[in-house]
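Commentary on secondary and tertiary structure
Each chain, letter by letter, is given below.
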Amino acid sequence: MSGLFSAIKVGMRALQATELGQRVVGNNIANVDTAGYTRQRVDYVPSISDVTAFGTVGTGVDVAGVSRVRDAFIDAQMWAQLAEGGRWTAVAEMLSRAEMSFNEPGEWGISASLSEFFAAARTLAQPDQADNSGVRIAFMEAASSLALSVREVRASLVSIQDDASDELSGLASQISAIAEQVAALNEQITRTEAQYGSANELRDKRDALLEELAGIIDVRAAEGSDGIFRVTINGGVLVEGQRAEAVEFDDVSGELRWSDTGVPIEFVSGRIGGMLEARDDYIAGLIDELDAFAGTLIEQVNLIHASGLQLDWATSLTGGYQVTSATALLSDISSSGLPLAVSAGQLTVVANGPGGETETVISVASLETTASLAACLLYTSPSPRDRTRSR
């Protein structure tokens, strides 16, 4: 009878294992569209054999557990690709906004304003148009329109940088919140697996959080030989077991750093890496190039304007800028306080007095100061009754 009972027992174990397998398959089918769900499988192992007079005889099949069909290597590769995708998505979004800021080609862009400015300048340069008030007003309006276009584009680019900083601050808070959730899940997984053997659904939740985190930063995660699950970013530990670190945004430096130590974190991928790259390299580069363009245009237009004469004679002339010190070098904007450096050249003063017009040329050296320039002007100045024009 023992042989009959043994056979029945083998069949019972097989039916129980098969029933569990069908339940797992049904669960997989039911969750085929569930976000973050990992397919599960039943791990079958042979039951302990019975020892008989004829040797050992198998006693059927046992279930070792229900495990997830997941590969750690593939997870690491997927997280890396999510980080790269997040990086380039952020860069593309910010550069797209920058492209819209320039509005080129367009009716209201810098190119259109620049064309109108040069057209007005060519008209004003005609010999018979120099004293035409309508042409002069049109030129001034074109210049104002060009300046406004440049200022608007620059302000828009700076706004893109500011918006990026605001989002980075929000992402820092999001990273810290995800780290807290992962640490809490680590505790639940440890407790559940110690009591029931598996916590597949909790592990799915943790992996879903890691996928979300991977789109934001370049993340590494693994369970060590000591059984502690760790999440690291750029070599620093974000989560270790049930302990989570916090990340914060520094408004002054514009960087992200560890909250406890204040050490900056370098991000090269993920959405944060892309936003930092676009904000500090691409957008900042566009602003620098725009500033250089505007500075060169201002300098060259002023040089041309300075070489001309005003229409009306004046008894006195007052500059539009003041220096911080009369002894400051005019070529050094940091000490003079001028918006542009004064380079070596010539200052021409034309005086119209009782004896007619007299023209005096004063050489301006690269190491000129306001005091030395004033001394030259006093030495060559016309009488109080004379009227002057300068260029």
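Definitions and cut-offs
- Residues numbered from 1 in each chain as written.
- Predicted model: local features only at pLDDT ≥ 70, side-chain atom pairs only at ≥ 80, totals over all residues.
- Heavy atoms only, no water.
- Buried < 20%, exposed > 50% of the residue type's maximum accessible area, 1.4 Å probe, protein only.
- Helix = DSSP H or I, 4+ residues; strand = E, 2+ residues; numbered from the N terminus.
- Pairing = 2+ DSSP bridges.
- Expected span 1.5 Å × (residues − 1).
- Core = buried A, V, L, I, M, F, W, Y, C linked by side-chain atoms within 4.5 Å.
- Contact = heavy atoms within 4.5 Å.
- Salt bridge = Lys/Arg side-chain N within 4 Å of Asp/Glu carboxyl O.
- Axes fitted to C-alpha atoms, helices over the stretch in contact; angles between N-to-C directions.
- pLDDT = per-residue confidence, 0-100.

1. Details of the pairing of strand β6 (residues 229–233)
- Going residue by residue along β6, you find F229, V231 and I233 tucked away on one face and R230 and T232 left uncovered on the opposite face.
- Bridge analysis of strand β5 (residues 219–223) against β6 gives five bridges, and the strand direction is antiparallel. Opposite V219, over in β6, you have I233 as the bridge partner.
- Examined bridge by bridge, β6 and strand β7 (residues 236–240) share four bridges and lie antiparallel to one another. Across the sheet, the residue bridging to I233 is G236, located in β7.
- Where β6 folds back onto β7 in an antiparallel hairpin, the turn is made up of two residues, including N234, whose phi is positive at roughly 50°.

2. Remarks on helix α5 (residues 200–216)
- For α5, spanning 17 residues, the distance from its first C-alpha to its last is 25 Å, which sits close to the expected 24 Å at 1.5 Å a residue.
- What α5 keeps buried is the set N200, L202, R203, D204, R206, D207, L209, L210, L213, A214 and I216.

3. Examining the nonpolar core
- By size, the foremost hydrophobic cluster in this structure holds 56 residues, and its most contacted members are V231, L238 and I272.
- Element by element, the count of residues in this core is highest for helix α4 (residues 133–196), at 18 residues.
- Excluding residues that lie within four positions of it along the chain, I272 makes contacts with L168, L171, I175, I216, I217, L256 and F267.

4. Re the pattern of salt bridges
- Scanning the model with the defined rule gives 22 salt bridges in all.
- Ionic pairing is found between R68 and D207, a salt bridge with its closest N-O pair at 2.7 Å. Separated by 139 residues along the polypeptide, R68 in strand β4 (residues 61–68) and D207 in helix α5 bring together distant segments of the chain. For the residue pair R68 and D207, the accessibility class agrees, reading buried in each case.
- One salt-bridge network, in which partners are shared between bridges, spans R68, R70, D75, D204, D207 and E211.

5. Some remarks on the sheet that holds β6
- Strand order in this open sheet of four strands is β5-β6-β7-β8, and the pairing throughout is antiparallel. Strand pairing shows two members of the sheet lacking a second neighbour, β5 and β8 (243–244), which therefore form its edges.
- Relative to the sheet, α5 contacts β5, β6 and β7, its axis offset from that of β5 by approximately 160°.

6. Thoughts on the confidence of the model for the protein chain
- This prediction gives the protein chain a mean pLDDT of 86; 91% of its residues lie at or above 70.
- Under a pLDDT of 50 for its full length, residues 382–389 has, in the predicted model, 26 contacts with residues more than four places off or in other chains.

7. Points about the environment of L4
- Note on placement: L4 falls in helix α1 (residues 2–30).
- Spatially, the C-alpha atom of L4 lies 89 Å from that of A155, the residues being 151 residues apart in sequence.

8. Thoughts on unusual backbone geometry
- Omega for the bond connecting E104 with P105 falls within 30 degrees of zero, at -15°, which places this linkage in the cis form.
- Relative to the helices and strands, P105 is located in the loop between α2 (72–102) and α3 (110–124).
- You will see that N103, though not glycine, has its phi angle at about 55°, which is positive.
- The residue N103 is located in the loop between α2 and α3 in this model.
- On the basis of relative accessible area, N103 is assigned to the partly exposed category, the value being 35%.
- The phi dihedral of N234 falls on the positive side, at around 50°, and the residue is not glycine.
- Among the structural elements, N234 can be located in the loop between β6 and β7.

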